[in-house]
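Single-letter residue listing:
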Amino acid sequence: MTRLLLVDDEPVILEDLASFLEHMAGVEKVYTAASGPEAVELIEQFPIDIIVTDIRMPGMSGLELCEYAKVNWTMTQCILLSGYAEFEYAQQALKSQAAAYLLKPVKKDELSETIRLVMGKVREKWEEIGSNRKARQTLRSHLSVLKAKLLLDLLKGKRFPPQRLAEELDKLEIAFSEGGRAALLMLRVENRFLDYDEHSISLFEFAVVNIAEEVLGEHFDVWACKDDYQYIVFLLSLKAGSPASPTSVRKLLERLACQLQIHVSAYLDGSISVLVSDDEPFPAHTPELYQKALQLFRQLPGSEQEHMIRLWDQLPYTPMRSLQRLYEPPTVLQLMEARRWPDAHRRLDDIFAELSGEGLDTSEHLAEVFFALSNAYSCIVHVNGLQLANVLGDHFAMMTNTSLLRSTKQLRSWSADALQRIEHCIRRETRETPGTFVQQVHQYIERHLAEDVSLQALGSHMHLHPAYISAMYKQETGENLSDYIYRYRMDKARYLLRTSKSKIYEIAAQIGYQYTPYFTKLFKNHFGMTPQEYRESANRA
């Protein structure tokens, strides 16, 4: 979509053209200015694709405005209007590299057709910049790979002796120098591209880099890489002659970052969130800027897209919210141990519903879920004497691939498929049938934990002798039933202490202990601290 700026010192003409053009197909926004200086203010604030301006205006002519736009915003196109059919104006328009020159009074159909042609040229240029052909060429470039590796090393805090760093920068033709200043710009790729295969995502990311270099390159030397967390990171060094005060640099970075988002949306049909920082001494402060940016992006939910984050506006620290369903007993591991496969699948649904429904789909929380589930899957597979690679197949290799942490949808798909494969293998190996004995025992304990879960109560419920229940449970699980009940009660107590505001005596009653001091003693023996101490430590974390 195209953004137009109309400039004319005659209010009636300006209002009439704006009203006509704002309904034109392909036009997203029409800005208006009554003078050249007013137009410059708008150009500095908003990304403008095409300027339609009268030539003769007091203070700053349309030709001067066109020259200014070409010097500062090379992708902006100008259409000049003049009531003077003199050859010298046409000559000056050609020298100013205007996209078109029309005589006033201009016909609306002629103007709209001219704008449409210029819009086509603008789109072709941006599409060429972001084309897959150019992306593939860049991807194959060894120089780009070496540049990206050096930048990633610096972002991670690797230190180079000054002479060695200078040699590396010179060898790789990187226009940065130690002691200079550099700002950081970080991008997060979003929406439908997260569902693509790695090759397609890489092509899209390199197209984004090409567009970013075009947008940023007028005012900054640009150095790019992709980090270990799938973010695209740029280091920017202000070129000589560009505005150098902190305020002007901030305004320029915001302006270009906004323009970058608009162009990625318009020409790649994608969305990105962008983070920008102040410029700081290079490379001394570069790792610190990167870590701050990384922390903020990893707290940004994936469901919140096309954000603009200004590092200088952020509070020092924002506490992370805690997940609940991931740790609520019975956990996924406990359900798998009990062969309660339908309940394990439902628990996965609950975990991902919490992530998506409560705005917890951040990179931090996705990593937490991934590592917790990977640990549970590894444990159940090994307990059954199996190997992860054999059970999970191609899903095993994905356990080392951080692309799973790009989106909730990808992680959920992997988690559910992996659980299905584990269930299938264990059922096949143990010739397990649905509705197992252990499932029935665990379900009774969970439903009656605050009541009587003794062997006698289980025997009455299942119409089996208590001694038979005890022997069968030990045979199938390798664990005494009393040990399982004790462990489940402690896990449930820990979960309630962390996630609820119930009194300690109320929690003790909920898990089957009517005498609170006895519960406190058991809890301290199990976890090494009292329930109150555990709650206080959990609240401080």
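Residues numbered from 1 in each chain as written. Predicted model: local features only at pLDDT ≥ 70, side-chain atom pairs only at ≥ 80, totals over all residues. Heavy atoms only, no water.

Student: Mind showing me how you'd approach the sheet that holds strand S2 (residues 27-33) here?
Tutor: Where strands meet in a sheet, backbone hydrogen bonds hold them as pairs that are either parallel or antiparallel. Taken in spatial order, the five strands of this open sheet run S2-S1-S3-S4-S5, and their pairing is parallel. Both outer strands of the open sheet, S2 and strand S5 (100-103), are each paired with one neighbouring strand and no more. Neighbour to neighbour, the strand axes of the sheet diverge by 20° on average, direction disregarded. (Pairing = 2+ DSSP bridges. Helix = DSSP H or I, 4+ residues; strand = E, 2+ residues; numbered from the N terminus. Axes fitted to C-alpha atoms, helices over the stretch in contact; angles between N-to-C directions.)

Student: Help me understand empty space enclosed by the protein, please; the structure alone is not making it clear to me.
Tutor: The rolling of a water-molecule-sized probe over the atoms marks out the regions of remaining empty space. Taken as a whole and judged by the stated rule, the model has two cavities of 30 Å³ or more. Roughly 80 Å³ of volume is contained in the largest cavity. Residue lining of the largest cavity: Asn-72, Trp-73, Thr-74, Met-75, Thr-76, Trp-126, Glu-214, Val-215, Glu-218, Leu-256 and Gln-259, and that is the complete set. Contributing elements (two or more residues each) for the lining of the largest cavity: helix H9 (198-216) and helix H10 (246-268). Here the residues of the lining of the largest cavity sort into five nonpolar, four polar and two charged. Estimated volume of the second largest cavity: approximately 50 Å³. The wall of the second largest cavity is formed by Leu-6, Val-7, Asp-8, Ile-13, Leu-14, Leu-17, Val-52, Thr-53 and Leu-81. Of all the elements in the fold, those that place two or more residues in the lining of the second largest cavity are strand S1 (2-7), helix H1 (11-21) and strand S3 (50-54). Here the element with the most residues in the lining of the second largest cavity is H1; it accounts for three residues. Residues belonging to the lining of the second largest cavity are distributed by class as follows: seven nonpolar, one polar and one charged. (1 Å grid on protein atoms, 1.4 Å probe; cavity = no way out; pocket = protein on both sides within 12 Å on 5 of 7 lines; lining within 4 Å. Points joined across faces, edges and corners; volume = space filled by probe spheres on them. Nonpolar A, V, L, I, M, F, W, Y, C, P; charged D, E, K, R; others polar.)

Student: I would appreciate a short explanation of the packing of aromatic side chains in the present structure.
Tutor: In the structure shown here, the tally under the stated rule is 16 aromatic pairs. Ring geometry for Phe-523 and Tyr-534: centres 5.9 Å apart, planes at 70°, overall edge-to-face. Here Phe-523, found in helix H23 (residues 516-527), pairs with Tyr-534, found in helix H24 (residues 531-540); they are 11 residues apart in sequence, far enough to count as distant. Both residues of the pair, Phe-523 and Tyr-534, belong to the buried class. Above the ring of Tyr-31, the side-chain terminus of Lys-29 is found at 5.7 Å from the ring centroid. Stacked on the ring of Trp-73, the Lys or Arg Arg-255 has its end atom at 4.0 Å from the ring centre. (Phe/Tyr/Trp six-rings, centres within 6.5 Å; stacked < 30°, edge-to-face > 60°. Buried < 20%, exposed > 50% of the residue type's maximum accessible area, 1.4 Å probe, protein only. Lys NZ or Arg CZ within 6 Å of the ring centre and 35° of its normal.)

Student: Could you clarify how one ought to interpret the environment of Gln-456 in this entry?
Tutor: With respect to the element layout, Gln-456 can be found in helix H19 (residues 455-462). Using a relative accessible area of 53% as the deciding quantity, one classes Gln-456 as exposed. Residues Gln-456 and Arg-340, 116 residues apart in the sequence, show an inter-C-alpha distance of 23 Å.

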